[in-house]
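Residue-level structural notes
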Amino acid sequence: MSNYHIKHLEEYFQVYRKSVRDPELFWEEIAEEHFLWRKRWNKVLEWDFSKPEIKWFEGAQLNITENCIDRHLTSKGEHTAIIFEPNDPSEAAEHISYTDLHNRVCRFANVLKSKGIGKGDRVCIYLPMIPELAVSVLACARIGAIHSVVFAGFSSTALATRINDCDCKIVITSDGSFRGAKTIDLKGIVDDALDSCQGVETVLVAKRINSEINMKEGRDLWLQPLLDDASPKCEPEIMNAEDPLFILYTSGSTGKPKGMVHSTAGYMVYTAFTFKNVFQYHQGDIYWCTADIGWITGHSYIVYGPLSNGATTVMFEGVPTYPDWGRFWQIVEKHQVNQFYTAPTAIRALAKEPLTHVEKYNVSSLKVLGTVGEPINEEAWHWYNDHIGKMNSPIVDTWWQTETGGIMISPIPFATPTIPTFATMPLPGVQPCLMNDDSEEVKGNPAQGKLCIKFPWPSIARTIWGDHQRYKDTYFSTFENKYFTGDGALRDMTGYYRITGRVDDVIIVSGHNLGTAPIEDAINEHQAVSESAIVGFPHDVKGNALYGYVILKDSGTERDRDDLRKEINQLITERIGPIAKLDKIQFTTGLPKTRSGKIMRRILRKIASKDTSNLGDTSTLLNPEVVQDIMDNVL
Ligand code: WTA
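The model shown is predicted, which means the values in this text are computed figures rather than measured ones.

Once that is clear, we can look at the nonpolar core. The nonpolar side chains of a soluble globular protein tend to be buried with one another. Counting residues in hydrophobic clusters, the biggest one holds 121 residues, and the most contacted among them are Trp-37, Phe-57, Leu-101, Leu-112, Phe-279 and Tyr-304. Discounting residues that sit within four places of it in the chain, Leu-112 has contacts with Ile-117, Ala-139, Cys-140, Ile-143, Ile-170, Ile-172 and Leu-204. Counting 46 residues, the second-largest nonpolar core is a separate cluster that includes Leu-159, Ile-163, Val-203 and Val-261.

Our next topic: the sheet that holds strand 6 (residues 122-125). Note: strands within a sheet are paired through backbone hydrogen bonds, in either parallel or antiparallel orientation. Here 8 strands make up an open sheet; going across it, the order is 12-11-8-6-7-14-15-23 and the pairing mixed. Looking at strand neighbours, the two that pair on one side only are strand 12 (220-222) and strand 23 (463-464), the edges of this open sheet.

Okay, empty space enclosed by the protein next. Applying the stated rule across the entire model yields 2 cavities of 30 Å³ or more. Approximately 50 Å³ is the volume found for the largest cavity. Lining of the largest cavity is provided by Asn-63, Ile-64, Ala-141, Gly-144, Ala-145, Met-239, Pro-244, Leu-245 and Thr-264. Of the residues contributing to the lining of the largest cavity, the split by class is 6 nonpolar, 3 polar and no charged. By volume, the second largest cavity is sized at about 30 Å³. Lining the second largest cavity, in full, are Val-149, Val-150, Phe-151, Phe-154, Arg-162, Leu-248, Tyr-249 and Gly-294.

Below, the discussion takes up the site of the ligand. Near the ligand lie 17 residues; those nearest to it are Asp-397, Thr-398, Thr-402, Asp-487 and Arg-502. Backbone polar atom of Pro-375 to a nitrogen atom of the ligand: 3.5 Å apart, as the coordinates give it. Between Gln-401 and the ligand, the recorded distance is 2.9 Å, taken from a side-chain N or O atom to an oxygen atom. Elements supplying a minimum of two residues to the shell around the ligand: helix 11 (296-308), strand 20 (395-398) and strand 25 (497-502). Looking at the shell around the ligand, its residues break down into 7 nonpolar, 6 polar and 4 charged.

With 5 bridges joining them, strand 24 (residues 483-491) and strand 25 adopt antiparallel strand pairing. Bridge pairing in strand 25 places Leu-490 opposite Arg-498. Where strand 24 hands over to strand 25, the hairpin turn is made up of 5 residues, of which Gly-495 adopts a positive phi near 95°.

Moving on: the side chain of Ser-97. Within the secondary structure layout, Ser-97 lies in strand 5 (residues 94-97). Taking the relative accessible area as the measure of exposure, Ser-97 reaches 7% and is therefore buried. A polar contact of 3.0 Å, which involves the side chain of Ser-97, links it to the backbone nitrogen of Asp-100. Those residues in contact with Ser-97 that lie beyond four places of it in its chain are Gly-77, Glu-78, His-79, Thr-80 and Ala-81.

So, about the environment of Pro-375. With respect to the secondary-structure elements, Pro-375 resides in the loop between strand 19 (368-372) and helix 15 (378-388). On the accessibility criterion, Pro-375 (45% relative accessible area) is partly exposed. When the C-alpha positions of Pro-375 and Asp-397 are compared, they lie 8.2 Å apart, and in sequence the two are 22 residues distant.

Attention now moves to helix 12 (residues 327-335). Judged by how many residues are buried, helix 12 sits mostly within the fold: 7 of 9 residues are covered. All of the buried residues along helix 12 are Arg-327, Phe-328, Trp-329, Gln-330, Ile-331, Val-332 and His-335. Positive backbone phi, approximately 55°, marks Gln-336, located one or two places after helix 12.

Let us now look at the pattern of salt bridges. Under the defined criterion, the tally for this structure stands at 33 salt bridges. Among the ionic pairs, Arg-208 bridges to Glu-317, the shortest N-O distance being 2.8 Å. Of this pair, Arg-208 sits in the loop between strand 11 (202-206) and strand 12 while Glu-317 sits in the loop between strand 17 (312-316) and helix 12, and the two are 109 residues apart along the sequence. This pair shows no difference in class: Arg-208 is buried, exactly as Glu-317 is. Asp-583 is paired through a salt bridge with Lys-542; the nearest N and O atoms lie 2.8 Å apart. With Asp-583 in the loop between helix 18 (561-575) and strand 30 (584-588) and Lys-542 in the loop between strand 28 (529-539) and strand 29 (543-552), this pair connects stretches of sequence that are 41 residues apart.

Thresholds, definitions, all that
- Residues numbered from 1 in each chain as written.
- Predicted model: local features only at pLDDT ≥ 70, side-chain atom pairs only at ≥ 80, totals over all residues.
- Heavy atoms only, no water.
- Core = buried A, V, L, I, M, F, W, Y, C linked by side-chain atoms within 4.5 Å.
- Buried < 20%, exposed > 50% of the residue type's maximum accessible area, 1.4 Å probe, protein only.
- Contact = heavy atoms within 4.5 Å.
- Pairing = 2+ DSSP bridges.
- Helix = DSSP H or I, 4+ residues; strand = E, 2+ residues; numbered from the N terminus.
- 1 Å grid on protein atoms, 1.4 Å probe; cavity = no way out; pocket = protein on both sides within 12 Å on 5 of 7 lines; lining within 4 Å.
- Points joined across faces, edges and corners; volume = space filled by probe spheres on them.
- Nonpolar A, V, L, I, M, F, W, Y, C, P; charged D, E, K, R; others polar.
- Near = heavy atom within 4 Å.
- Polar contact = N/O pair within 3.5 Å; in protein donor to acceptor, adjacent residues only side chain to side chain.
- Salt bridge = Lys/Arg side-chain N within 4 Å of Asp/Glu carboxyl O.

This is the structure:
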């Protein structure tokens, strides 16, 4: 029996039991047998959730790019590491071998070094899904710089906040990006952001769309000539196990985005292990995750997990709708994709279109299908299973978070029997539990409660950049000695978990986490607005959409309401990005509040969802009369 590769259900149970009985031994064996270390660890695990402090493989030294690239060179240097599929299907795909990748990462690493970047420096990467994105991530890791990738759909304000929060000295971007039939002026967004980022000394610009852009003298440099001149040799920086590998921002329910810090060794071991098992990857398979590297899914399951297993990973620049709704399946056929990993929102959108878009292509290469980012509804699950998997490819509904670094609860295909909407069972090393409102663990089955994890796993985020107290308050203070996920879940009679959704003020729209507070802040900046509250309501494609209740300073405002709605959404687009735009905006004269002044979002959520049969007791509200008024005017 191999701990590293689980092939059937009995083996899963054996491995799982072992991982709980002796977690240190379990992870030690995996770390020993499957990775390249420059120095062995002194201690596998040290932890204390009350501080909180978590250390895996202390004393070990390594470089993650040696594990992701160098060690594959002798056996599979000519194998494809990355297949780049461009936005435009008529442009040729690029096959980047492990040897090419090594060469490109080393050159890029040397360029970064020549700009004064070294171990521990923060590098902001704001790039579309082009090879330079994966290469620059790995180049940072090569020299021990900490990458902070910002999804290239974020606005200049959101980008500036992220650059300043972790004091990036350098930004890597491109002249622009292709997105379906559109182009986006990324460099312009960076220029706007940098007006408020004093610490950035250098901007490296990749050429992608060949647009005319402004290059600021002394700051902005074209990347390609620098790469051409750089040496293709770059010795990896030897890192300590717990040195930070990257920062990735995620929305909180309040306040500014949280810069989750992931460390090197534990993250590597866990993402490699979970990639191998959750996708049942075999040498020679072609694996494709449609996420953007700007999100954790892309970090862990486009870049680090696949490459540390010597896999072939597809990077797709475009969108599912261009040139038509058949694009995903055309790519599956073209590259003979074996494992396909996407978001429920994409499946729901695809399922609304005629089946002819699927039927045109031969997708029989597919062996495993995955979903991530939000609960998958039953209808979408069946569509995926029937029309894409042809009832022959297991669906892995993978539950995890930016903070967890890797997949936590998921079926293991061909081993775990799947049930629609259930993420099923914890992966080895993961010890979930459900907590009730009295802070007690709900034991036995079935059960329902707030989802927590009782014991550390190797890829748990170690802190929030610059704010360890917030890390403690957010994840370790709700329940003593437990990591609190912010999600609710239920466990059925067989012990299968189903994630029911967020229990805090984070709303997941099309798989993107959005905190209500930053959106409300953006709306409140509008000169006509005095107060606002955002809630989610069910949407058949996005999962949730955003509903805004807005109080105007002067309710008699003679302004055209639709103009105001446009202006509010424009403000949100500028402050956060188009993903946070509101679907509906209701102008109201009041918001239901508790006597202590807290907005009762529960009531607003129900009204927005048109589920007003049971609003609960509203008589304790400070202003119960507004409830009827809001209900009468609901959109
Ligand atoms: C939600 C994405 C139900 C959940 C990797 C979590 C899910 C948040 C699932 C994290 C799933 C993710 N079923 N809900 N399979 N996967 N979620 O940080 O609410 O972007 O807390 O990480 O997405 O989103 P994040």
